[in-house]
Amino acid sequence: MAKTINKRVAVIGAGWAGCAAAVTLCRQGHKVTLIEASRTLGGRARAVQIQDQLLDNGQHIMLGAYTACLDLMRLLKIDQSKTLLRLPLQMVYPHQTGMQFIAPKLPAPLHLIFALVKTRGLNREDKMALARFSTTARWMDWKLNQDCTVSELLQRYEQTERLCRLMWNPLCIAALNTPPERASAQIFLNVLRDSLGANRLASDMLIPRVDLTHLLPEAAATYVKQHGGEVIDGLAIHTLVPTENHRWQLPELTQERSNSSIFDCVIVATNPDQCARLLGTLRPLSSDDEQFASSEMAFEYEPITTCYLQYPESVKLSRPFFALADEPTKNYWGQFIFDRGQLNATQSGLMAVVVSASTGAIEQSHANLAQAIMQQLAQQLGIPELAQALWTKVITEKRATFSCTPNLKRPTNQTTFRNLMIAGDFTESAYPATLEAAVRSGVMAAKAIV
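Residues numbered from 1 in each chain as written. Predicted model: local features only at pLDDT ≥ 70, side-chain atom pairs only at ≥ 80, totals over all residues. Heavy atoms only, no water.

Enquirer: Please explain the overall build of the protein as it appears in this structure.
Expert: For the protein, the helix and strand inventory stands at 15 helices and 20 strands. Here the C-alpha radius of gyration of the protein, 23 Å, is about what a compact globule of 450 residues would show, namely 22 Å. Projected onto the principal axes, the alpha-carbon positions of the protein cover approximately 70 × 50 × 40 Å. When each of the 450 residues of the protein is scored for burial, the buried share is 57%. If you sum the accessible surface of the protein, you get close to 19800 Å²; carbon and sulfur atoms cover 50% of it. Averaging the positions of the 44 positive and the 40 negative side-chain charges in the protein gives two centres separated by 6 Å. (Helix = DSSP H or I, 4+ residues; strand = E, 2+ residues; numbered from the N terminus. Rg over C-alpha atoms; globule rule 2.2 N^0.38 Å. Buried < 20%, exposed > 50% of the residue type's maximum accessible area, 1.4 Å probe, protein only. Areas by Shrake-Rupley, 256 points an atom, 1.4 Å probe, with all protein chains shown as cover. Lys, Arg positive; Asp, Glu negative; His and termini not counted. Charge placed at Lys NZ, Arg CZ, Asp CG, Glu CD.)

Structure below.
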């Protein structure tokens, strides 16, 4: 058996992909330097300071199918019972506006069968359409001969208008952050395969109780330091310089900030635009390199908006989160509301409303958007107090995810430059731009270091 040679590896970017790569490298025995341009770790899934509270730049929800994320949390000894609220698969609307679909704690697929039988708000035709779709998807092993849009897929399998509006469309937007008329049906099926089509625990919904920086990135940084590595924040890397023996120099990394600016390998774990700019500073070895650095990372993007609303501490929902009914003429309305007080005792009365694929929300002023969402909540939840919050805060990530369209070409972790890898939720994957895709990419990039 060949002996593993420990190397000095720089990981540029301390989002979830970069943190996963750094931890995996440390576990392999490599000497790691994790570098982040921001002062806060986590990338596009990080903590922000709002009204003397640490919240998130966007409310997230995870799935039990996120095996790479959960494995990494176990490695970092993160207590999931304290940091995540685990709920059975559910799509519950306020009683007067939609359906109530909740999976019981039964083995798969009985949990889905019983959930379908007990679902309120769907008629017999809706339930038959849902059963038909699930059966057909399993029969074809969740694979399409040719990718198409989610809307085309739903139409092909005769899903009812009500079922699409109350279940499939919200699930598509939540999972892919891309409207169903543009979203990849194959990627959507992949998500359904690993959640609805797997064991019951895989379909569970996991809602972070703590902010996303504390949930994983800070624990990853501690792990790196404990294993002889270093973590540098507030330093942007703009240039990669190849040196002799296929090594790499990071000029911005001065002697005062690190032991050395020369590394055996580099993993670029930034967003696609930053990655393309960084690779663009390199002299192409061939026309293939130019193709790699440009066309494969020329993504279109989708925004996500989160509206935080603080009410008196006595204001509480009957469930930790609800789905919200849409309105075609109001594409800036929220799709889900989370009662943060039921997740974290220090946040009583705080609500987080998510608007995925939020192009319509961006067109509104923050004040108008918050007011419209408050009216939506008061109307749909039947709680008059929700019409006026004590304070509001709107946060939009304009490039939260790439548009997950059919047959989208995504780059691999390998570049054509020796000892230079990339990682991120935008790399080649069966998943859309999620925390799970980011962590899987980081782990794969690290394992490619030999």
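Enquirer: Where do I start with empty space enclosed by the protein in this structure?
Expert: Picture a little ball the size of a water molecule; that probe, rolled over the atoms, points out where space is still empty. The final tally for this structure, using the stated rule, is one cavity of 30 Å³ or more. Contributing to the lining of the largest cavity are Leu55, Asp56, Gln59, Asp211, Tyr308 and Arg340. (1 Å grid on protein atoms, 1.4 Å probe; cavity = no way out; pocket = protein on both sides within 12 Å on 5 of 7 lines; lining within 4 Å. Points joined across faces, edges and corners; volume = space filled by probe spheres on them.)

Enquirer: What is the right way to look at helix H7 (residues 161-176) in this model?
Expert: Within an α-helix, residues lying three or four positions from one another point in the same direction, as the helix has 3.6 residues per turn. The axis of H7 is deflected most strongly, by about 35°, at Trp168, and proline Pro170 appears within four residues downstream. Within the sequence span of H7, burial applies to Leu163, Cys164, Leu166, Met167, Trp168, Pro170, Leu171, Cys172, Ile173 and Leu176. One or two steps after H7, the chain reaches Asn177, where phi turns positive at roughly 50°. (Bend = angle between axes of the 7 residues up to and from the residue.)

Enquirer: Help me understand the layout of surface pockets in this model?
Expert: Taken as a whole, the second largest pocket holds about 510 Å³ of empty space. Listing elements by their share of the lining of the second largest pocket, those giving two or more residues are H7 and helix H13 (359-362). Considering each element in turn, the lining of the second largest pocket owes the most residues, four residues, to H7. Per-class residue counts for the lining of the second largest pocket are twelve nonpolar, seven polar and seven charged. (Nonpolar A, V, L, I, M, F, W, Y, C, P; charged D, E, K, R; others polar.)

Enquirer: It is not clear to me how the packing of aromatic side chains should be interpreted in this structure. Could you clarify?
Expert: For any pair of aromatic rings, the description consists of the separation of the ring centres together with the inter-plane angle of the planes. Per the stated rule, a full pass over the model turns up nine aromatic pairs. Between Phe133 and Trp168, the ring centres sit 4.7 Å apart and the planes meet at 50°, which makes this aromatic pair tilted. Of this pair, Phe133 sits in helix H5 (residues 124-139) while Trp168 sits in helix H7, and the two are 35 residues apart along the sequence. Its relative accessible area of 2% is what places Trp168 among the buried residues. Ring geometry for Phe321 and Phe338: centres 5.4 Å apart, planes at 15°, overall stacked. Residue Phe321 is located in strand S16 (residues 321-323), and its partner Phe338 is located in strand S17 (residues 336-339); the two are separated by 17 residues in the primary sequence. Like Phe338, Phe321 is buried. Through successive ring pairs, a cluster of aromatic residues spans Phe133, Tyr157, Trp168 and Phe188. The ring of Tyr431 is capped by Arg440, whose NZ or CZ atom sits 4.4 Å from the centre of that ring. (Phe/Tyr/Trp six-rings, centres within 6.5 Å; stacked < 30°, edge-to-face > 60°. Lys NZ or Arg CZ within 6 Å of the ring centre and 35° of its normal.)

Enquirer: What is the right way to read the packing of helix H1 (residues 16-27) against helix H15 (residues 435-447) from this model?
Expert: To describe two helices that pack against each other, one gives the angle between their axes and the distance between the axes. Where H1 contacts H15, the axes come no closer than 7 Å and their chain directions differ by 35°. When the axes of H1 and H15 are compared, the crossing they make is right-handed. On the side of H1, the interface is formed by Trp16, Ala17, Ala20, Ala21, Thr24 and Leu25, while H15 contributes Leu435, Ala438, Val439, Gly442, Val443, Ala446 and Lys447. Residue classes in the contact of H1 with H15 are distributed as ten nonpolar, two polar and one charged. (Axes fitted to C-alpha atoms, helices over the stretch in contact; angles between N-to-C directions. Left-handed = near helix turned anticlockwise from the far one by under 90°. Contact = heavy atoms within 4.5 Å.)

Enquirer: Help me out: how do you make sense of a nonpolar patch on the surface in this one?
Expert: Together, Leu110, Ile113, Phe114 and Val117 give the surface a local cluster of nonpolar side chains, amounting to about 370 Å² of exposed area. Here Phe114 shows up in helix H4 (residues 110-118). (Patch = residues over 30% accessible without salt bridge, like charges linked within 9 Å, V, L, I, M, F, W, Y side chains within 5 Å. Salt bridge = Lys/Arg side-chain N within 4 Å of Asp/Glu carboxyl O.)

Enquirer: Quick question: what am I supposed to make of H15 here?
Expert: With 13 residues, H15 should cover 18 Å at 1.5 Å per step; its first-to-last C-alpha distance of 18 Å lies within 8% of that length. Every buried residue of H15 is listed here: Leu435, Glu436, Ala437, Ala438, Val439, Ser441, Gly442, Ala445 and Ala446. Elements that come into contact with the buried residues of H15 comprise H1, strand S5 (62-63), helix H2 (67-75), strand S14 (265-268) and strand S20 (420-422). (Expected span 1.5 Å × (residues − 1).)

Enquirer: I tried to follow the sheet that holds strand S12 (residues 248-249) on my own but got confused; where do I start?
Expert: Backbone-to-backbone hydrogen bonds join strands into a sheet, with any given pair of strands oriented parallel or antiparallel. The strand order across the open sheet formed by three strands is S11-S12-S13, and the pairing between neighbours is antiparallel. With partners counted over all chains shown, the strands left at the sheet margins are strand S11 (241-242) and strand S13 (262-263), one partner each. (Pairing = 2+ DSSP bridges.)

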